[in-house]
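Overview (structure and organization)
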Amino acid sequence: MARAVQALSDEPWLRLGIDVFWTAIDERWMEHGRRASEGFLWREDAQIVPGPVGERLAAGMRAAIAACARCGNDLLVDDVLVESQWLEGWRRELADLDWLLVGAFAPLPVLEERERIRGNRITGEARAQADVIHAGIEYDVTVDTASQSPEECARVILATLAR
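A brief structural summary. (Residues numbered from 1 in each chain as written. Predicted model: local features only at pLDDT ≥ 70, side-chain atom pairs only at ≥ 80, totals over all residues. Heavy atoms only, no water.)

What follows covers the overall build of the chain. Counting secondary structure elements, the chain contains seven helices and seven strands. Here the chain holds 163 residues, and the buried ones make up 33% of them. For the chain, long-range pairs separated by at least 24 residues make up 61% of all intrachain contacts whose partners lie at least 6 apart in sequence. As displayed, the chain offers around 9800 Å² of accessible surface, 50% of which is attributable to carbon and sulfur atoms. Seen as two clouds, the 18 positive and the 28 negative side-chain charges of the chain have centres 3 Å apart. (Helix = DSSP H or I, 4+ residues; strand = E, 2+ residues; numbered from the N terminus. Buried < 20%, exposed > 50% of the residue type's maximum accessible area, 1.4 Å probe, protein only. Contact = heavy atoms within 4.5 Å. Areas by Shrake-Rupley, 256 points an atom, 1.4 Å probe, with all protein chains shown as cover. Lys, Arg positive; Asp, Glu negative; His and termini not counted. Charge placed at Lys NZ, Arg CZ, Asp CG, Glu CD.)

Our next topic: the nonpolar core. Trp22 and Phe40 are the most contacted members of the largest nonpolar core, which has 23 residues in total. Elements with a minimum of two residues in this core: helix H2 (18–22), strand S3 (40–42), helix H3 (52–70) and helix H4 (85–93). The residues contacting Phe40, other than those within four sequence positions of it, are Trp22, Trp29, Met30, Glu31, Ile48, Val49, Pro50, Gly54, Leu57 and Trp86. Counting residues in hydrophobic clusters, the runner-up holds six residues, among them Ala4, Trp13, Ala154 and Ile157. (Core = buried A, V, L, I, M, F, W, Y, C linked by side-chain atoms within 4.5 Å.)

What follows covers the packing of H3 against H4. Contact pair H3 / H4: the axes reach a minimum separation of 9 Å and the direction vectors enclose 30°. Relative to H4, the element H3 lies roughly parallel. Crossing angle aside, the handedness with which H3 passes H4 is right-handed. Residue-level contacts link Glu55, Ala58, Met61, Arg62, Ala63, Ile65, Ala66 and Arg70 of H3 to Gln85, Trp86, Gly89, Trp90 and Glu93 of H4. Here the contact of H3 with H4 is composed, by residue class, of seven nonpolar, two polar and four charged. (Axes fitted to C-alpha atoms, helices over the stretch in contact; angles between N-to-C directions. Parallel < 35°, antiparallel > 145°, perpendicular 65-115°, else oblique. Left-handed = near helix turned anticlockwise from the far one by under 90°. Nonpolar A, V, L, I, M, F, W, Y, C, P; charged D, E, K, R; others polar.)

In structure tokens:
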């Protein structure tokens, strides 16, 4: 979807997000690494639990992305709001900027099939996150990635931004 926004737009959009930052830290602090409880621990029930290092990384990501935007860059940012206060962190960091909160949805069976196909996800992660990550969030716009192509989703986003 983010690549489709880039392809359909006449503006230079940068793609950044949680995966860029998660891969920037040594795997000892990730998933089941020795120090994952300090970084991002994947529990047996597929819940992701951030520790103090993980919280710092997430806060640093928000600050870095906001700084990049303040320099005049248009950004496409993906995040998994594993902690409810992370959205408030985004709101604080982006308070003086124009931004659009997009909810990307798909039915659980579709998410589970994508999880299986990707092979780099923990089995059960989609099910564990499905009801949690969108809970109580009012999005500016939503897309259904099961019924809409990436290009259709991108057109919805770009049209919303043009208003």
